[in-house]
Amino acid sequence: GIMVGLKAKVDVEKTDLDSLTAQIEKARKTDLDRALETRPFYAAKRQLQSQQNYADLLASKIAVAKMDRTLHQASQVDIVDRAEPAFRPARPNKPLLLTSGTAGAMAVGLLAGLFSLLVASWFRPRLKPALP
């Protein structure tokens, strides 16, 4: 009697297992069918997202180009006078160099003379006054 009861219990569990296995296979088939049906939708959705990203990129590039164009127009240089060559060269200015060289030499000579006068007066022997 115990063996018959256990056999009946095993048969019930086996039918439950077969039922669950059949449900799993049915769900797997349903998922595959649904994936095949929705694949074009998700492919189109990815393509749309890609096109929107590309459109955003182009819009930002257009905005940058417009900004650059307005900045370059505002910072253009206006020519006031035409450039012309000078009548005589600006450098070397020989009279200025000679004058500054002469004035510099005179200043150095004057300072050297004053220094030598100061040194000579410092070391000059002093005369002592005569005693009455």
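In this text the structure is predicted, and so the values were computed from the model without any measurement. (Residues numbered from 1 in each chain as written. Predicted model: local features only at pLDDT ≥ 70, side-chain atom pairs only at ≥ 80, totals over all residues. Heavy atoms only, no water.)

**Student:** Could you clarify how one ought to interpret the overall build of the chain in this entry?
**Tutor:** Helix and strand content of the chain: two helices and zero strands. Relative to its 132 residues, the chain shows a buried fraction of 0%. (Helix = DSSP H or I, 4+ residues; strand = E, 2+ residues; numbered from the N terminus. Buried < 20%, exposed > 50% of the residue type's maximum accessible area, 1.4 Å probe, protein only.)

**Student:** So what exactly am I meant to see when it comes to the pattern of salt bridges here?
**Tutor:** Where side chains of opposite charge bring their charged atoms close, a pairing between them can arise. Within this structure, the stated rule accounts for two salt bridges. Here arginine 28 ties to glutamate 25 by a salt bridge, and the two come within 3.0 Å at their closest N and O atoms. Of this pair, arginine 28 and glutamate 25 both sit in helix α1 (residues 2-74), three residues apart, roughly one helical turn. Glutamate 25 gets classed as partly exposed once you look at its relative accessible area, which sits at 43%. In this structure, the salt-bridge partner of lysine 29 is aspartate 33, at a minimum N-O distance of 3.5 Å. One end of the pair, lysine 29, and the other, aspartate 33, are both in helix α1, four residues apart, so they sit about a helical turn from each other. Taking relative accessible area as the criterion, lysine 29 reaches 53% and is therefore assigned exposed. Look at aspartate 33 and you get partly exposed, because its relative accessible area is 35%. (Salt bridge = Lys/Arg side-chain N within 4 Å of Asp/Glu carboxyl O.)

**Student:** Help me understand the packing of aromatic side chains in this model?
**Tutor:** For any pair of aromatic rings, the description rests on two quantities: the centre-to-centre distance and the angle between the ring planes. For the structure on display, the rule yields one aromatic pair. Relative to tyrosine 42, the ring of phenylalanine 41 lies with its centre 5.1 Å away and its plane at 70 degrees, an arrangement referred to as edge-to-face. Among the residues examined, tyrosine 42 registers a relative accessible area of 44% and is labelled partly exposed. (Phe/Tyr/Trp six-rings, centres within 6.5 Å; stacked < 30°, edge-to-face > 60°.)

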